[in-house]
Amino acid sequence: MRSSLQAVALWGKKAPPHSITAIMITDDQQTIVTGSQEGQLCLWNLSSELKISAKELLFGHSASVTCLAKARDFSKQPYVVSAAENGEMCVWNVTNGQCVEKATLAYRHTAICYYHCSFRMTGEGWLLCCGEYQDVLIIDAKSLAVIHTFLSSQSPDWINCMCIVHSMRIQEDSLLVVSVAGELKVWDLSSSINSIQEKQDVYEKESKFLDSVNCRTIRFCTYTERLLLVVFSKCWKIYDYCDFSLLRTEVSRSGQFFAGGEVLAAHRIIIWTEDGHSYIYQLLNRWAQMRAAYKTFSGLSKSIYPADGRVLKETIYPHLLCSTSVQENKSLSFVMGYMNERKEPFYKVLFSGEVSGRITLWHIPDVPVSKFDGSPREIPITATWTLQDNFDKHHTMSQSIIDHVSGAGTVGVTSSEYVPSLDKLICGCEDGTIFITQALNAAKAELLEGGSLLKGSLPHKVLKGHHHSVTSLLYPHGLSSKLDQSWLVSGDQDSCVILWNIFTEEILHKFFLEAGPVTSILMSPENFRLRSDQVICCVCSDHSVALLHLEGKRCLLHARKHLFPVRMIKWHPVENFLIVGCADDSAYIWEIETGTLERHETGERARIILNCCDDSQLLKPESILPAASETHKHKTVEQRSSSSYQLGPIPCPGLQVESSCKVADARSFSGPFNVLPVKIKWSNIGFHILLFDLENLVELLLPTPICDVDPSNSFYGSEILRRAKSTVEKKTLTLKRNKTACGSLSAEVQAKPVVENPAQGDNTVKFLEESDGIKRQKKMKNSKKMHPKPSRKVDANITIDAAKLFLSCFLPWGVDKELDNLCIKHLNILKLQDSVSLGLASNEDCFSLMLPGWDICNAEMKKDDSKVNLFSEKVLDLSNKYTSTLPNQVGMPRGLKSNCDSLQEPNTLVYLLGRLFVVSRLVNMPLEFACGTARSFKMESVHNKAKSPGNEILNISSFYGYLRNGKNESHTPEADISLLKLISCWRDQSVQVTEVIQAVLLAEVQQHMKTLSKTPVSSQPVSMTEDIHCEMRQILQKTEWTQGEEIQLQCATDTWPLQTAVSPVKHDSNSNSANFQDTEDMPDRCVLEESESPGKQRHHSWITKVCSCKLC
Amino acid sequence: GGCGAPRTARRRVAATAPRRRQLDPGRPLGRSAAGEGLGPDAAGALTAGGPRLGRAAGGGDGGGDGSDGGRAGGAGEARGRAAGAPGGGGRLTAGLSPQEEEFRWLLHDEVHAVLRQLQDILKEASLRFTLPSSGTATEGPAKQENFILGSCSTDQVKGVLTLQGDALSQADVNLKIPRNNQLLHFAFREDKQWKLQQIQDARNHVSQAMYLLANRDESYQFRTGAEVLKLMDAVMLQLTRARNRLTTPATLTLPEIAASGLTRMFAPALPSDLLVNVYINLNKLCLTVYQLHALQPNSTKNFRPAGGAVLHSPGAMFEWGSQRLEVSHVHKVECVIPWLNDALVFFTVSLQLCQQLKDKISVFSSYWSYRPF
């Protein structure tokens, strides 16, 4: 997800499933973190009264989460690390839900312990990990790179569980682990730090066979520093830490599996089971009660042990004090934990998470006691909560996007597709109907006040033809412009596929596949054609694949031999083969013409077949883009593992793909506004995310002369330009080659989100293209020339509507009643009904979405009914600070006058969005800047390749250019410097992007509305708007500028035909790049200050020549 | 239901299946029968899968050492229980449609039958790995097996490897060098064992899978289909990994082989111009011996270090210490380990069993996601 993408989630009534596989409470006892089998993390707010409320859902893993652990000293940095089934690891900041670091290793962890020894260690500490590999890995907590391993000399095996023992007595930290086979091993921790940093082998100090398997927990009693609690699934044991002699074994009742335990206090322990029960025991020392014997054993133990260890074995027996249980269904499996906090205001809490997604808390009393008669006391449940409870409680915030459609509110949406070119949202429902509605209007009706008036009156179409729930949809025109714009293909539960004309709402053809639910519908790539037509490919849940010919209305091939679910579909254009990859790593090659199975391969050969024909297009049933990224991840994993045989096993190919989460990637996004349907694995429940591309919105709203005629021609429309560009392409290619020689480019290309082409069909092509270097890019370019991309026409009204919706969703309402009214009146936007679930992207694949009810989670914020959608109290503060940096006189020119509201309104929108965009980019800058010029060059090349000028990300140089030039001309430079300083200061304080956006929006709107109410009539409205236009034009101008002089030149003469000055421009662009090179190695703050002065001068030299407005 | 049968006919059969089952509770419901009466959607997959499964299982029986009787018995028992289940259909709730009733039966009875069968198969598989069982009585040193490794193409290398569970406890390697008619002999040090990580990992994956199944016995009630799918996905993940560990040996670079602890296992130490690697490929224990010669520093040969590979070919070059070395001869000898073969067959069979259960559940996907049973 690009950082300029802002998201709003429309969750719907049903909470997404969240089968908890890992749970922890942060050290400040304010947040519960859970990881789910579906691959998401959930942050839950825990109030000081132990009330739970879900706050946000974090997307980042593509497989089941296996474990969670803290990743820093929590009081300094609130970071938590999560590991997934496929080797992914993420470090999250749990206060703002951002992913701080992400890595994919060839190891699957099942437990992680954070270790930091401040006086012996530099850096952020270690993550000690164990899992499906031998011994213990040491991973750097900051970079997530493997530092070293703790090796075992005796019977190395997988490690099941571990704990760090810090003994005050001997001032030494030790690592205790139990292996799968039941071997207890001890490593010195603190004294081996040096040898580990020097990469020497560190072997275990002691080891002992414990005689039980399936160890679940090992815990050291810090109170006595003597006892060791080891919980196995069928028994738990107490050992003496001094010599590891067994003191007590307690076997589980039949059918009960222990899951873990903890030491509560000296001689008091808690044990919990897989089915959610827990038991608190007092450990009584039999000998202590027998005074006579006491003396003999008080001297303990080494001297006595060898003599009669057998007697000592039975010195401890447990007495059950209390127990806890969950009421209903004991059958679900639980993950539990215990948090011991001795000081006020913290609690001793036992917590559990269930597969059903329920969290339960028990407040454990400081001194648990049994009943008077000695029977165990039941400790009541203190709090329990699920995601669904959040949704039910805040139902005004949990809107689905088609609730308003009459009759649709009650049925579940089982599939949906958004058509950006028509702004149509197509939703297939549980009952077989398909609704087609205007997405923007639908979103407005759900979110905005007064939108409910729209309900029922919104135009929508209902397609009736399916008798079972609609499982998949495809809009062919969105993938290939050659296909009829009216076509829609839908497949249902009963394997009926219907071809519709969405304009006339009639059924063109019904295909009966008779192969179970149609799980997905795909289209063959552009380079694959059967008698000059592209074909549709339906994957059904009986693992068959059907090829349909839409023009001919017939089924070409029904491939039914697959034993396992279809994971991958490839096309061999030359030989007319369909290659199907299945979940069991087998490959089937079908001849399309004859419909015969040409070959069936398994194992190594299948892998080769599936990997080698990368030339054909790679598609995946679930969602197209994650498939590509998955295989990429997989490749990196494999490469790494090949070089690390000693350290870990090889990942299983194919499994990563299988376990991928069904969250479609935002990279397929194009245009200013998009609706992204998201489906969670193992469920039919889905939800929608509204995505706004700030940058694109600004660009499209900007009224440039040519833009008015045809938006797609605004920048690159003319043929001359195209020719100019092809020359530039050559240039950037060489540039790129140079960069590759310097290294790091190829990696970066992969890491960078693709600059999108409006044609969605090109996405996958581009993905391959991007990863495979120059050669292929050329090839693809050719193929693209053959097939003209669909014209990119975005209706101006849609853009304006999207912009307004964006403002509505991000403005904190109710801060000032008068302001609200002014906004409604002058900006012509509507107030929100309730807070919306905002989304935040932390990098390409990680993003967080707020859950309904997030706004009451902010502990410092009392739920104030008047304030709606205020992200945090901090926003108001930030907003004031921002206002104070704005120079006073700026308020005047920026006030866009309202003689004729209808005309000014877009300008205001442009201005506001432009500011937001600039600010949000600035806040995100350090990330970008780290990559320096390399990235800006790369962006150019990607840009040229992609041929989608409208969607270019503004790069940094243009950015500063904008800040300097665009503003200096009309405002005081100090203002900008102070603004820059303020924002970089925010950045350092890690203020969240959402907070910044809200703060700036609030401040700007306040400013704007103030001037509006003061001076209703402006003296020179026209020039003011011109000013804005000029500013924005410069941004765009600069964007292109970075692409090379030719373009710049062409563009200048093209867009502003009056201009003839050429040489100054040329000169400027040179100086620009030179300037940029110089600053490459400087820390970013320096750059900010430094580039100030030269930029100003430079600006004047060209802007006077180029810009048509009189002000500059 | 044969593959060739017209689709519509199969549909009709499927639609009447639940009713038929009620009328005829004594009907044995084996694998094939379940496939036939399963419903329209999974039928295709099952009919395709049925015969294959039969063959695969047969192969397992044949390849095994005869101890498969237990497994077959277990399966039979499972079938018996499954057949009895509809008889107890008296507790069917009124108002449920036939499909919902069938789904209920599937969740409450059939799933457990399959899980039981799966457990039996995996138990057999894990026995092959001589897994230390939770009962401590059977504990003891795993029995030693000797394997004579050879190859039909060369008699230059002969190896006798002794496998003890997942570890190589002894190794004797004889290498004949025709150039000078020299016969070299190396053996493991007495005090050391070499763990075959592939076997260990496969064994551990199987026991993980068994653990996942262990706490889902008959007393456990599945409430939604999604729950079953999740369990099956988790089990299949472990089984696929177990299988892949055996089928995909690590691709190592030559320096990695040289640095490996295996080279230090020998007494007397290996000469510096020899490298040895041991791995599992499918059901075979493989031993490769690389003969090396040093490249002269002033050699005109283009030095290009070789990447990772399972088996390097002569001419592969690498840098070790300060020396540049080239592989001059490669000798690969191997020997089939019968119980690995069994284990692989068991993996395949249980994976198919899991997939079939998933397919059966998915047929009812319109029910399971919304209403718990």
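As the structure is a prediction and not an experimental result, all values here were calculated from the model. Throughout this document, residue positions are counted from 1 along each chain, in the order its sequence is written. Here the convention is simple: chains get letters from A, ligands get numbers from 1, in the order in which they are written. Thresholds applied to this predicted model are a pLDDT of at least 70 for local features of residues and 80 or more for the giving and counting of side-chain atom pairs; totals over whole chains, interfaces and linings are not thresholded and use all residues. Side-chain figures throughout are based on the complete set of non-hydrogen atoms in the structure, without hydrogens or water.

Considerations on the nonpolar core
Residues belong to a common nonpolar core when they are buried Ala, Val, Leu, Ile, Met, Phe, Trp, Tyr or Cys residues joined through side-chain atoms within 4.5 Å. Only protein chains enter the area calculation, which uses a 1.4 Å probe; residues under 20% of their type maximum are buried, those over 50% are exposed, and those in between are partly exposed. Grouped together as the largest cluster of nonpolar side chains are 96 residues, with contacts concentrated most on A:Leu578, B:Phe129 and B:Phe347. Secondary structure elements follow DSSP: runs of H or I of four or more residues count as helices, runs of E of two or more count as strands, with numbering from the N terminus. Counting residues per element, this core draws most heavily on helix α9 (residues 338-363) of chain B, at 14 residues. Throughout the structure description, domain borders are defined by an automatic or database domain assignment. When residues of this core are assigned to domains, at least three map to each of domain 1 (7-136 + 199-246 + 340-367) and domain 2 (144-195 + 250-338) of chain B. By size, the runner-up hydrophobic cluster in this structure holds 84 residues, among which are A:Leu819, A:Cys823, A:Leu840 and A:Val1005.

A look at the sheet that holds strand β42 (residues 545-549) of chain A
All names here are of chain A. Two strands are said to pair when DSSP picks up at least two bridges between them. Within the open sheet, the four strands sit side by side as β40-β41-β42-β43. Their pairing is antiparallel. On the outer flanks of this sheet lie β40 (518-523) and β43 (554-559), each paired with one strand and no other. For this sheet, the mean angle separating the axes of adjacent strands, direction not counted, is 20°. With five bridges connecting them, β42 and β43 associate as antiparallel partners. Between the N-to-C directions of two axes lies an angle of 0 to 180 degrees, each axis being a line fitted to C-alpha atoms and, for a helix, fitted only over the stretch in contact.

Considering the UniProt feature "repeat: WD" (unreviewed entry) in chain A
All names here are of chain A. Within this numbering scheme, the UniProt entry marks residues 13-54, 58-102 and 559-600 as carrying the feature "repeat: WD" (unreviewed entry). Counted over residues 13-54, helix gives 0% and strand 50%. Its end C-alpha atoms are 15 Å apart. As a span, residues 559-600 carries 0% helix and 57% strand, and end to end its C-alpha atoms are 12 Å apart. UniProt positions are given in the numbering used here, feature names are shortened, and annotations may be inferred rather than shown by experiment.

Some points on the pairing of strand β50 (residues 686-693) of chain A
Residue and element names in this part refer to chain A. Counted residue by residue, β50 has seven buried out of eight residues, so it is predominantly covered. Summarising the sheet, strand β1 (residues 5-10) and β50 pair through six bridges and their orientation is antiparallel. Residue pairing for β50: Leu5 is matched across the bridge by Asp693. Both strand β49 (residues 673-679) and β50 contribute to a ladder of seven bridges, which runs antiparallel. Considered in β50, the bridge of Lys679 is made with Gly686. What sits between the antiparallel neighbours β49 and β50 is a turn of six residues, in which Trp682 has the positive phi angle 60°.

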